[in-house]
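Examination of the molecular architecture
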Amino acid sequence: MAPKYDFDLITIGGGSGGVRASRIAAGHGARVAVVEEDRLGGTCVLRGCVPKKLLVFGSSIAADIEDAAGFGWTIEGAHHDWSRLIKAKRKELDRLAGIYQGLMDQAGVTVLSGKGRLAGPHEVEVDGNIWTAERILIAVGGWPYVPDIPGLRDHAITSNEALDLDARPDEIVIFGSGYIAVEFAGIFAGFGSKTHLVFRADKALRGFDEDMRDGLMAAMAQRGVHIHAGASIASVDEASGKKQVTLDNGTCLNVDAVMAATGRMPNTAQLGLEALKVACAKNGAILVDADGQSSLPSLYAIGDVTDRVNLTPVAIAEGHIFADKFYGNMTRRPISYDHIASAVFSQPPLASIGLTEAAAKAKGHSFSVYQSGFRAMKNTISGRQEKTVMKLIVDNADDRILGAHMLGPDAPEIIQGIAIAIVAGATKADFDATIGIHPTAAEEFVTMRTPRA
Ligand code: NDP
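Here we summarise the structure given alongside this text. (Residues numbered from 1 in each chain as written. Predicted model: local features only at pLDDT ≥ 70, side-chain atom pairs only at ≥ 80, totals over all residues. Heavy atoms only, no water.)

1. With respect to the overall build of the chain
- Counting its regular elements, the chain contains 13 helices and 22 strands.
- For a compact globule of 453 residues, the expected C-alpha radius of gyration is about 22 Å, and the chain comes in at 24 Å, within 12% of that figure.
- Evaluated residue by residue, the chain yields a buried proportion of 49% over its 453 residues.
- Sequence-distant contacts in the chain: of pairs separated by 6 or more residues, those separated by 24 or more amount to 63%.
- Surface summary for the chain: the accessible area is close to 21200 Å², and the carbon and sulfur share equals 52%.
- For the chain, the distance from the average position of its 45 positive side-chain charges to the average position of its 53 negative side-chain charges is 1 Å. (Helix = DSSP H or I, 4+ residues; strand = E, 2+ residues; numbered from the N terminus. Rg over C-alpha atoms; globule rule 2.2 N^0.38 Å. Buried < 20%, exposed > 50% of the residue type's maximum accessible area, 1.4 Å probe, protein only. Contact = heavy atoms within 4.5 Å. Areas by Shrake-Rupley, 256 points an atom, 1.4 Å probe, with all protein chains shown as cover. Lys, Arg positive; Asp, Glu negative; His and termini not counted. Charge placed at Lys NZ, Arg CZ, Asp CG, Glu CD.)

The structure is reproduced here in structure tokens:
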């Protein structure tokens, strides 16, 4: 008997989550198509994590060159060629997009190139053609949000463009103070752009632990980022090739580029969800249950389009679990959204898992704080004044670690290891029983003995 549908699964969106779900489902024997209008790879590979990290690597070399003097090096004539870096980055992204295509080919997934739109509960329209599937998975991610401020939408770039500029701006205003804003402030300042960070809060990175936020604010200022806290952009105009940015405190900045890093929104505007009455949140996020199922039984969603925890590894885990459940007849351990480590690739970087001190207090825990602030060994001779900050929040009731936070070199690499211990339910006594690796910064996590007053 001919199958009822063209495919068992059509995934709209070929980013990290969509590719993982499609590949695993096909591996379980499902007939799968993925619809993508761009190259495969999505935000993380093409316009986010990967190119961003490459630029972070590149810009952080400036600090290494500065630090080298303390170790006896004379490095004369160091010069950075932005266009060479962008060319190398583009080549690497081509390679990665090719790998993603290869993964789809190997798994036997059909790639439908074009923009996908829902045409019915089991129908997807791609550039005028209708394809049918038993289930449809939406994995279209998010898109930068730019506030409606006079001139901002006309003149600002977003992270999409900032990662692929032909020329580096000599002076830039970055608006916002979330992950993207502080990461790009580090990138542009590192490469030598005069960088202004404009944001409405008193400190960057709302939601992160206060001591980490304080440490990062000091470090960014030391590294030459011009901080305009407690301010917003009132208007942006363009004249003689320059952007004139007026802040609501009256400050005027005449710069080469303005970047809005003011959050991201689910990418659901033209998907055809409304016609099918799919339940969505106010910001357009598709509302789903623990299995990723929407209010329309044949429609599922994973990743940033659901606006739960908007991180690539979370979307990948959600996609994998979806595919295993519906095509592999496997029930995997559900994701624990409480224990997801994350990192901000600011300079220096910041990483954390679990509760901040403020969140532990708000949740009514009785807890102790173990905290350490020190100059990393490399900074003693280099002369860099920056401080590493580490913090453990420990539950007084059962000695479990409620949260671990770090600001300083290698913080993301270190917190990844700590995260395993915390997910496994480690107690402070387990940390105390662990012998440190000397000399490292990481050993501080197992040698903090006295709670902070
Ligand atoms: P965030 O949500 O982290 O930050 C948004 C920033 O924009 C905040 O500073 C916010 O201010 C500000 N803002 C929002 N609306 C306005 C407005 N109308 N006027 C002035 N300021 C405004 O978003 P990002 O764009 O930095 O990042 C988006 C998401 O991408 C992150 O949440 C994260 O999930 C993901 N991401 C993860 C990375 C990583 O894991 N390393 C890296 C980059 C992105 P306020 O705080 O005052 O509300």
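There is more to say after this.
2. Overview of the site of the ligand
- Taken together, 19 residues surround the ligand, and among them Ser177, Ile180, Arg206, Asn310 and Ala343 come closest.
- Note that an oxygen atom of the ligand is positioned 2.7 Å from one of the backbone N or O atoms of Asn310.
- Here a nitrogen atom of the ligand sits 2.7 Å away from a polar atom, N or O, in the main chain of Ala343.
- For the ligand, the accessible surface in isolation is 910 Å², of which the surrounding protein chains cover 77%.
- The greatest single-element share of the shell around the ligand, amounting to 3 residues, is contributed by helix H7 (residues 179–191).
- Residues of the shell around the ligand, tallied by class, amount to 8 nonpolar, 6 polar and 5 charged. (Near = heavy atom within 4 Å. Polar contact = N/O pair within 3.5 Å; in protein donor to acceptor, adjacent residues only side chain to side chain. Nonpolar A, V, L, I, M, F, W, Y, C, P; charged D, E, K, R; others polar.)

3. Focus on helix H3 (residues 49–68)
- If you check H3, its first and last C-alpha atoms are 28 Å apart, about what 20 residues at 1.5 Å a residue would give, namely 28 Å.
- Elements in contact with the buried residues of H3: helix H2 (42–47), helix H4 (82–107), helix H6 (159–162), H7 and helix H11 (377–382). (Expected span 1.5 Å × (residues − 1).)

4. Things to note about the pattern of salt bridges
- With the rule as written, the count across this model stands at 28 salt bridges.
- Close ionic contact of Asp209 with Lys391 constitutes a salt bridge, the shortest N to O distance being 2.7 Å. In this pair, Asp209 sits in the loop between strand S10 (194–199) and helix H8 (210–222) while Lys391 sits in strand S21 (residues 388–395), placing the two residues 182 residues apart along the sequence. Of the two residues, Asp209 and Lys391, neither departs from the other in class, the shared state being buried.
- Bridged by salt links that share partners, the residues Asp209, Asp211, Glu357, Lys391 and Arg452 form one connected network. (Salt bridge = Lys/Arg side-chain N within 4 Å of Asp/Glu carboxyl O.)

5. Here we look at the side chain of Ser342
- You can see Ser342 is positioned in strand S18 (residues 342–344).
- Residue classification places Ser342 among the buried residues on the basis of a relative accessible area of 13%.
- A polar contact is formed between the side chain of Ser342 and the side chain of Tyr179, at a distance of 3.1 Å.
- Excluding residues within four positions of it along the chain, Ser342 makes contact with Tyr179, Phe208, Leu311, Leu350, Ala351 and Ser352.

6. So, the packing of H3 against H7
- One way to put it is that H3 packs onto H7 with a least axis distance of 8 Å and a crossing angle of 40°. With respect to each other, H3 and H7 are oriented oblique. In the packing of H3 onto H7, the handedness of the crossing is left-handed. Contacts between H3 and H7 pair Lys52, Leu55, Val56, Gly58, Ser59 and Ala62 from the former with Glu183, Phe184, Gly186, Ile187, Gly190 and Phe191 from the latter.
- Grouping the constituent residues of the contact of H3 with H7 by class yields 6 nonpolar, 4 polar and 2 charged. (Axes fitted to C-alpha atoms, helices over the stretch in contact; angles between N-to-C directions. Parallel < 35°, antiparallel > 145°, perpendicular 65-115°, else oblique. Left-handed = near helix turned anticlockwise from the far one by under 90°.)

7. A few points about the sheet that holds S10
- The 5 strands lie next to each other as S8-S15-S9-S10-S11, forming an open sheet whose pairing is parallel. One side of each edge strand has no neighbouring strand; the edge strands of this open sheet are strand S8 (156–157) and strand S11 (226–229).
- Against the sheet, H7 contacts strand S9 (171–175), S10 and strand S15 (257–260), and its axis sits at roughly 165° relative to S10. (Pairing = 2+ DSSP bridges.)

8. Details of the layout of surface pockets
- Each pocket or cavity is described by its volume, and for the second largest pocket that value is around 840 Å³.
- Lining of the second largest pocket is provided by 35 residues; of these, Pro349, Ala376, Lys378, Pro409 and Asp410 occupy positions nearest its centre.
- When residues of the lining of the second largest pocket are traced back to their parent elements, those giving at least two are H3, H11 and helix H12 (411–423).
- At 7 residues, H3 tops the list of elements feeding residues into the lining of the second largest pocket.
- Here the lining of the second largest pocket is composed, by residue class, of 16 nonpolar, 7 polar and 12 charged. (1 Å grid on protein atoms, 1.4 Å probe; cavity = no way out; pocket = protein on both sides within 12 Å on 5 of 7 lines; lining within 4 Å. Points joined across faces, edges and corners; volume = space filled by probe spheres on them.)

9. Describing the side chain of Ser193
- Within the secondary structure, Ser193 sits in the loop between H7 and S10.
- Side chain to side chain, Ser193 and Arg168 meet in a polar contact 2.8 Å long.
- Among all residues touching Ser193, those that are not within four sequence positions of it are Arg168, Pro169, Asp170, Ile172 and Phe188.

10. Concerning empty space enclosed by the protein
- Taken as a whole and judged by the stated rule, the model has 1 cavity of 30 Å³ or more.
- Estimated volume of the largest cavity: approximately 30 Å³.
- As for the largest cavity, its lining consists of Pro144, Ser159, Ile180, Ala260, Ala261, Thr262, Gly263 and Arg264.
- A breakdown of the residues in the lining of the largest cavity according to their chemical character gives 4 nonpolar, 3 polar and 1 charged.

11. Topic: the pairing of strand S19 (residues 350–354)
- Of all the 5 residues making up S19, 4 are buried; the element is thus mostly covered by neighbouring parts of the structure.
- Linkage of S18 to S19, two consecutive antiparallel strands, is achieved through a turn of 5 residues.
- By the bridge criterion, 5 bridges tie S19 to strand S22 (residues 401–407) in an arrangement that is antiparallel. Residue pairing across strands places Leu350 opposite Leu407, the latter belonging to S22.

12. Quick word on H7
- If you check H7, its first and last C-alpha atoms are 19 Å apart, about what 13 residues at 1.5 Å a residue would give, namely 18 Å.
- For H7, the buried fraction is high: 10 of the 13 residues fall into the buried class.
- Buried residues of H7: Ala181, Val182, Glu183, Phe184, Ala185, Gly186, Ile187, Phe188, Ala189 and Phe191, and no others.
- Downstream of H7 by a residue or two, Gly192 has a phi angle that is positive, lying close to 105°.

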